[in-house]
Amino acid sequence: MITVNNLSMQFGGQWLFQRVDLQFTAGNCYGIIGANGAGKSTFLRILSGELDSTSGAIFIQPGVRMSVLKQDQFAYDAHTVLDTVIMGNERLYRVGKEKDALYEKPDFSDEDGLRASELEAEFAELGGWEAESDASQILQGLGVPTELHQDSMADTDPRVKVKVLLAQALFGNPDIVMLDEPTNNLDIESINWLEDFLLDFPGTVIVVSHDRHFLNTVCTHIVDIDYGKIKMYVGNYDFWYESSQLVQQLIKNQNKRNEEKIKELQD
């Protein structure tokens with residue numbers, strides 16, 4: 001789905017990471033970890049196309065649809081909760097609105113009829129007739145009851161807005177989903193539902209998270225950003241941790257042997 005080729009990023013005069021080569025494939029969930037300030041969110045923004053890297057390139061398979069968890073809670077205040085979720089598939093949302101606008105015209109012409117027919121076909125192909133029920137199902141899974149679905153986002157509790165934006169990122173069967181700290185401000189029931197959703201998701205998931213249990217549950221790979229390098233490990237968080245501890249112990253043992261050898265030679 002995504003190929004990272006010789007990627008480097010400089011920020012504030014320092015290199016966050018250099019010469020990164022990675023591949024992200026379908027059917028896998030990649031957890032991005034690292035210390036605060038290591039560049040996790042920056043790397044995610046580069047992958048999503050929101051931010052340009054200093055050098056290198058990102059190649060995304062043609063024709064795939066990418067969905068990114070939005071962070072701006074005020075961006076959709078002019079829309080309802082349900083419409084905000086459906087806007088996760090921008091093309092579907094635009095087709096639906098154009099179609100509805102045509103039917104509302106008082107002077108509906110033959111030309112309008114032809115255009116409406118084209119839109120109806122595309123709307124059906126994009127899953128438009130199931131869009132509201134699918135969006136509602138995701139919202140309910142995240143703990144947003146049906147009585148709130150027609151509320152304006154401007155009047156929605158910020159804690160609920162977080163769930164709505166997450167539902168938006170998951171809506172419409174995207175090929176690639178990118179999530180930055182998706183479990184923040186979620187209750188345990190919503191987290192459990194999200195874990196089940198991602199475990200069944202057939203596409204590519206790339207997630208930044210500090211939630212160790214969440215990473216253990218959903219991740220097939222761990223992407224570790226550390227000391228200016230980005231390395232990918234197969235397995236969940238615990239497997240990565242055990243592997244990294246083993247590597248560190250091997251390095252310590254080697255250093256100890258080197259020190260003993262130096263002392264022996266000095267003696």
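Use the structure listed above.
Criteria and thresholds
Residues numbered from 1 in each chain as written. Predicted model: local features only at pLDDT ≥ 70, side-chain atom pairs only at ≥ 80, totals over all residues. Heavy atoms only, no water. Core = buried A, V, L, I, M, F, W, Y, C linked by side-chain atoms within 4.5 Å. Buried < 20%, exposed > 50% of the residue type's maximum accessible area, 1.4 Å probe, protein only. Helix = DSSP H or I, 4+ residues; strand = E, 2+ residues; numbered from the N terminus. Contact = heavy atoms within 4.5 Å. Pairing = 2+ DSSP bridges. Axes fitted to C-alpha atoms, helices over the stretch in contact; angles between N-to-C directions.

Asker: Residue-level account of the nonpolar core, with values.
Answerer: Grouped together as the largest cluster of nonpolar side chains are 47 residues, with contacts concentrated most on Ile 86, Leu 139, Leu 166, Phe 171, Leu 179 and Leu 198. In terms of residues, this core owes the most to one element, helix H6 (residues 158-170), which gives seven residues. When near neighbours in sequence (up to four residues on either side) are disregarded, Phe 171 contacts Arg 65, Val 85, Ile 86, Asn 89, Leu 92, Ala 131, Asp 134, Ala 135 and Ile 138. Grouped together as the second largest cluster of nonpolar side chains are 23 residues, Ala 38, Met 178, Ile 206 and Ile 225 included.

Asker: Give me the lowdown on helix H1 (residues 40-48), citing residues and values where you can.
Answerer: If you check which residues of H1 are buried, you get Lys 40, Thr 42, Phe 43, Leu 44, Ile 46 and Leu 47. Where H1 ends, the next residue or the one after it, Gly 49, has phi of about 90°, a positive value.

Asker: Break down the sheet that holds strand S2 (residues 14-24) for me, with residues and values.
Answerer: One open sheet holds the three strands; their spatial order is S2-S1-S4, and the pairing between them is antiparallel. Strands with a single pairing partner mark the edges of an open sheet, and in this sheet they are S2 and strand S4 (55-60). Strand-to-strand twist across the sheet, computed as the mean angle between neighbouring axes with direction ignored, equals 20°. Sheet topology note: the strand S1 (residues 2-11)/S2 ladder contains seven bridges and is antiparallel. Across the sheet, the residue bridging to Val 4 is Leu 22, located in S2.

Asker: How would you explain the sheet that holds strand S5 (residues 66-68) if you had to name every residue and give the values?
Answerer: Hydrogen bonds along the backbone pair up the strands of a sheet, which may run parallel or antiparallel. Strand order in the open sheet formed by six strands is S5-S6-S7-S3-S8-S9, with mixed pairing between adjacent strands. Of all the strands in the sheet, the pair left with one neighbour each is S5 and strand S9 (229-234). Recorded for the sheet is a direction-independent mean angle of 15° between the axes of neighbouring strands. Both strand S6 (residues 176-180) and strand S7 (residues 204-208) contribute to a ladder of five bridges, which runs parallel. Bridging across to S7, Val 177 finds its partner in Val 205.

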